[in-house]
Amino acid sequence: MRYLQGMTTIPATEPDNPLILGQTVHTGIEKSLEEAIREYCFSFPIITDEHINEIIKFETVIPLARAAIPPGGKFEVEIKDDDFHGFIDYLVPARTEQRLNGENQEIPDVFDLYDFKYSNNVSGYKQSGQLHEYKYFFERNNPGKKIRNMFFVFIPKVTIRQKKTETLLEFRERLKEALSGVEVKIVQIGFNPERVIEFLFGIKAVNEETEFPQEKSYLCRYCEFQEYCEKGNDYMIKLPENKRRNIEAVEKRVLWIYGVPFCGKTTFANNFPDPLMLNTDGNIKFVDAPYIRIKDEVRVEGRQTKRTLAWDVFKDTISELEKKENTFRTIVVDLLEDLYEHCRLYMYQQMGITHESDDSFRAWDKVRGEFLNTLKRLMNLDYENIILISHEDTSKDITRKGGDKITAIKPNLQEKVANKVAGMVDVVARIVADGETRTFSFKSNEVIFGGGRLRVNAKDIPLDVKALFAVYDEANKNAASGMAEPAAPAKTGRTGRKRTETPATPADKPQDSPKEEQPTTDTPEPESPQEAPETAAEQQPEKETEQPAPEAATPADGAMNPPEAPAEGEEKPRRKRKARD
């Protein structure tokens, strides 16, 4: 990620970050304790009590390390050529064991090599090839110069933690007490040319490799890419290529199927390619697919009984599936309503309640939110088929406008949750059992719950995976090409047309509290809005004018019959304004 893709990460803020701690120790040994503490503090945006705890450790171990190494050497000696690039922490001229004039004499062009490690893992570093490579490439790049001895300088790391029962002052007193007994260890390493050969072969293999799978080890905990590599947390946004996608190609199918018990739902899902069953009801006796039981896990440790809730098991399973370190192509959830109940129990424990009504302002939304957000993680998994299975519920009736009741057929899930889940899938379908015949039904109306974002022309197909794939692929192509059933033309009748041609005029209603009484007058007045129907009738096309108006044209409720249009050439009579009571 760093060297091939050129990726960088967000700077670490943990006080005990190994890279920052190691750099601080190197700076303290090379320059001074004050410079090391300053560099450590400026590596973080904010300093907390935990950072101060690390500084207390530096104040003890850095002076010990500075006193343990011989003086007169050179820090950060670079080794660089076409094959190798590295830095020796400390290179000091070698001296004779015999003294001359009370001093050990310096040996020309012979050096001792020191490498600093802020760690307690002495045995692990003894197996490292680092110092062997330094010696080989230093001598190759500096003819005539030799490295006599190689040493690891182990600066002890104190890793005690503050107890919940002690104050910060008490913890720091205990920390200083632990630091008072530490010692710097200097371990000599004998040169082994085989380690250099292993290194060169390893580099050759790296240069020839084209794929870089994960290699998990204890070292991953020290890697700044761990969150991205192991957990899949991607904090980078990369815009897609400006190119139209081929949406006709089916890359993923997301289905929700339901039906009565024993109608063949699980057996049908078992026929999908390479399935993994996430089973909640234990109905796996007659299917051969691999499965994971989503249930509470109870284990006994000594006198303690510990329980892992089924919802935690389900979320852990999703986290494992997100890594895509398997060969499954289909993920089946059987049953969805059981998962919802597991989620409810999980949230009860989180909120300290026994039912949603105990905290009606928050509990319902929290349970639904936890369930749907986790289900979205499942839907986002990169597998070919995601199958949700539910039982059929016929316990509720629907009352029609006429008052008659009819049984509703829908999945056994709360209506609000069911509507949300239906929006996540491509197709909701029902398995219908008629004796020994099993069919896959896509019917959807006010009684039968179904539908989806894909338009399915077939209403019933045999209960067969290949038949389902064929219908699904056809529906996907229809959706991609924008095909839709043509809308039925609106029915037009003579009565409807005439109603449009001559709209009803509201009846005159007397005012309850007239402000002023109007006397009867013959003075011509401007045309009132009531003459609009006559004008509308005069403006109709010639064909419609020739058709006789129906005698039984029914005016709108609360309206009078519209006045007949006057004969052509006949003068329109002037209306007299009536005096209101």
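Reference entry: report on the structure contained in this document.

### What about the sheet that holds strand E5 (residues 185-189)?
Here is step 1: With mixed pairing, the five strands of this open sheet are ordered in space as E1-E2-E3-E4-E5. Looking along the sheet, the strands with just one partner apiece sit at the ends: strand E1 (74-80) and E5. Taken over all neighbouring pairs, the strand axes of this sheet differ in orientation by 45 degrees on average, direction set aside.
Here is step 2: Taken together, the six bridges between E1 and strand E2 (residues 85-100) define a ladder with antiparallel strand orientation. Across the sheet, residue Lys 74 finds its bridge partner in E2, namely Leu 91.
Here is step 3: Packing against the sheet, helix H1 (residues 18-30) makes contact with E1, E2 and strand E3 (103-117), and its axis sits at approximately 120 degrees to E1.

### Brief notes about the nonpolar core
Here is step 1: Residues Trp 256, Leu 336, Phe 371, Leu 378, Leu 388 and Val 421 are the most contacted members of the largest nonpolar core, which totals 47 residues.
Here is step 2: Counting residues per element, the ones that place at least two in this core are strand E6 (253-259), strand E7 (275-279), helix H10 (310-322), strand E11 (330-334), helix H11 (336-351), helix H12 (363-379), strand E12 (385-393) and helix H13 (415-424).
Here is step 3: In terms of residues, this core owes the most to one element, H11, which gives eight residues.
Here is step 4: In this structure Leu 388 touches Leu 255, Trp 256, Ile 257, Val 333, Leu 336, Leu 378, Met 379, Val 421 and Val 425, once residues within four positions along its chain are discounted.
Here is step 5: With 29 residues, the next largest nonpolar core counts Ile 62, Ala 65, Phe 151 and Val 182 among its residues.

### Some remarks on the pairing of E7
If a strand is regular, its side chains alternate between the two faces of the sheet.
Here is step 1: Along E7, five of the five residues are buried, which leaves the element largely enclosed by surrounding structure.
Here is step 2: Taking every second residue as pointing to the same face, both faces of E7 are buried, with Pro 275, Met 277 and Asn 279 on one and Leu 276 and Leu 278 on the other.
Here is step 3: For E7 and E11, the ladder comprises five bridges, and the chain directions are parallel. Bridging from a neighbouring strand, Met 277 pairs with Val 332 of E11.
Here is step 4: Sheet topology note: the E7/strand E8 (residues 291-293) ladder contains three bridges and is parallel. Within the sheet, the bridge partner assigned to Met 277 lies in E8 and is Tyr 291.

### Concerning the environment of Arg 344
Here is step 1: When you line up the elements, Arg 344 lands in helix H11.
Here is step 2: You can call Arg 344 buried: its relative accessible area is 14%.
Here is step 3: Note: C-alpha distance between Arg 344 and Ala 363 (19 residues apart in sequence) is 9.3 Å.
Here is step 4: Setting aside anything within four residues of it in sequence, one finds Arg 344 in contact with His 355, Glu 356 and Val 367.

### Brief notes about the packing of H12 against H13
The angle between the axes and the distance between the axes are what describe a pair of packed helices.
Here is step 1: Where H12 contacts H13, the two axes come as close as 11 Å, and the packing angle between them is 20 degrees. Overall, the two elements H12 and H13 adopt an arrangement that is roughly parallel. Crossing hand, H12 versus H13: right-handed. In contact with Arg 368, Phe 371, Leu 372, Leu 375, Lys 376 and Met 379 of H12, H13 contributes Lys 416, Val 417, Lys 420, Val 421 and Met 424.

### A closer look at the side chain of Glu 166
Here is step 1: Here Glu 166 shows up in the loop between strand E4 (146-154) and helix H6 (168-179).
Here is step 2: When its relative accessible area of 12% is taken as the criterion, Glu 166 is described as buried.
Here is step 3: A distance of 2.9 Å separates a polar atom in the side chain of Glu 166 from the backbone nitrogen of Lys 163.
Here is step 4: Among the polar contacts made by the side chain of Glu 166, one reaches the side chain of Arg 174 at a distance of 2.7 Å.

### Let's talk about the pairing of strand E16 (residues 427-434)
Here is step 1: Sheet topology note: the E6/E16 ladder contains four bridges and is parallel. In the sheet register, Leu 255 faces E16, and the bridge partner there is Val 427.
Here is step 2: Here E16 folds back onto strand E17 (residues 437-441) in antiparallel fashion, the turn holding two residues, of which Gly 435 has a positive phi close to 70 degrees.

### Some details on unusual backbone geometry
Here is step 1: Of the consecutive residues Asp 334 and Leu 335, the connecting peptide bond is found in the cis state with omega at 20 degrees.
Here is step 2: As for its position among the elements, Leu 335 is in the loop between E11 and H11.
Here is step 3: With phi around 65 degrees, Phe 262 is a residue other than glycine that occupies positive phi space.
Here is step 4: Residue placement: Phe 262 occurs in the loop between E6 and helix H9 (265-270).
Here is step 5: Phi at Asp 274 takes a positive value of approximately 45 degrees, unusual for a residue other than glycine.

### Quick look at a nonpolar patch on the surface
Here is step 1: A cluster of nonpolar side chains, namely Tyr 3, Leu 4, Val 206 and Phe 212, defines an oily patch on the protein surface of about 530 Å² accessible area.
Here is step 2: Within the element layout of this structure, Leu 4 appears in the segment before H1.
Here is step 3: Residue classification places Leu 4 among the exposed positions, given a relative accessible area of 66%.

### Points about the packing of aromatic side chains
Here is step 1: Counted under the stated rule, the structure contains 23 aromatic pairs.
Here is step 2: Each ring, one from Phe 268 and one from Phe 272, has its centre 5.5 Å from the other, and the planes form 85 degrees; the classification is edge-to-face.
Here is step 3: Residue Phe 268 is classed as buried on the basis of its relative accessible area of 3%.
Here is step 4: For Phe 272, a relative accessible area of 2% corresponds to the buried category.
Here is step 5: Judged by centre distance (5.6 Å) and plane angle (65 degrees), the rings of Phe 272 and Phe 469 are edge-to-face. Here the residue Phe 272 occupies a position in the loop between H9 and E7, and Phe 469 occupies one in helix H14 (residues 465-481), the gap between them amounting to 197 residues. This pair shows no difference in class: Phe 272 is buried, exactly as Phe 469 is.
Here is step 6: Through a chain of ring-to-ring contacts, the aromatic side chains of Phe 75, Tyr 90, Tyr 114, Phe 116 and Phe 151 assemble into a single cluster.
Here is step 7: Sitting above the plane of the Phe 42 ring, Arg 38 keeps its charged end 5.0 Å from the centroid.
Here is step 8: A cation over a ring is seen here: Lys 135 above Phe 191, with NZ or CZ 5.4 Å from the ring centre.

Basis of the calculations
- Residues numbered from 1 in each chain as written.
- Predicted model: local features only at pLDDT ≥ 70, side-chain atom pairs only at ≥ 80, totals over all residues.
- Heavy atoms only, no water.
- Pairing = 2+ DSSP bridges.
- Helix = DSSP H or I, 4+ residues; strand = E, 2+ residues; numbered from the N terminus.
- Axes fitted to C-alpha atoms, helices over the stretch in contact; angles between N-to-C directions.
- Contact = heavy atoms within 4.5 Å.
- Core = buried A, V, L, I, M, F, W, Y, C linked by side-chain atoms within 4.5 Å.
- Buried < 20%, exposed > 50% of the residue type's maximum accessible area, 1.4 Å probe, protein only.
- Parallel < 35°, antiparallel > 145°, perpendicular 65-115°, else oblique.
- Left-handed = near helix turned anticlockwise from the far one by under 90°.
- Polar contact = N/O pair within 3.5 Å; in protein donor to acceptor, adjacent residues only side chain to side chain.
- Patch = residues over 30% accessible without salt bridge, like charges linked within 9 Å, V, L, I, M, F, W, Y side chains within 5 Å.
- Areas by Shrake-Rupley, 256 points an atom, 1.4 Å probe, with all protein chains shown as cover.
- Salt bridge = Lys/Arg side-chain N within 4 Å of Asp/Glu carboxyl O.
- Phe/Tyr/Trp six-rings, centres within 6.5 Å; stacked < 30°, edge-to-face > 60°.
- Lys NZ or Arg CZ within 6 Å of the ring centre and 35° of its normal.

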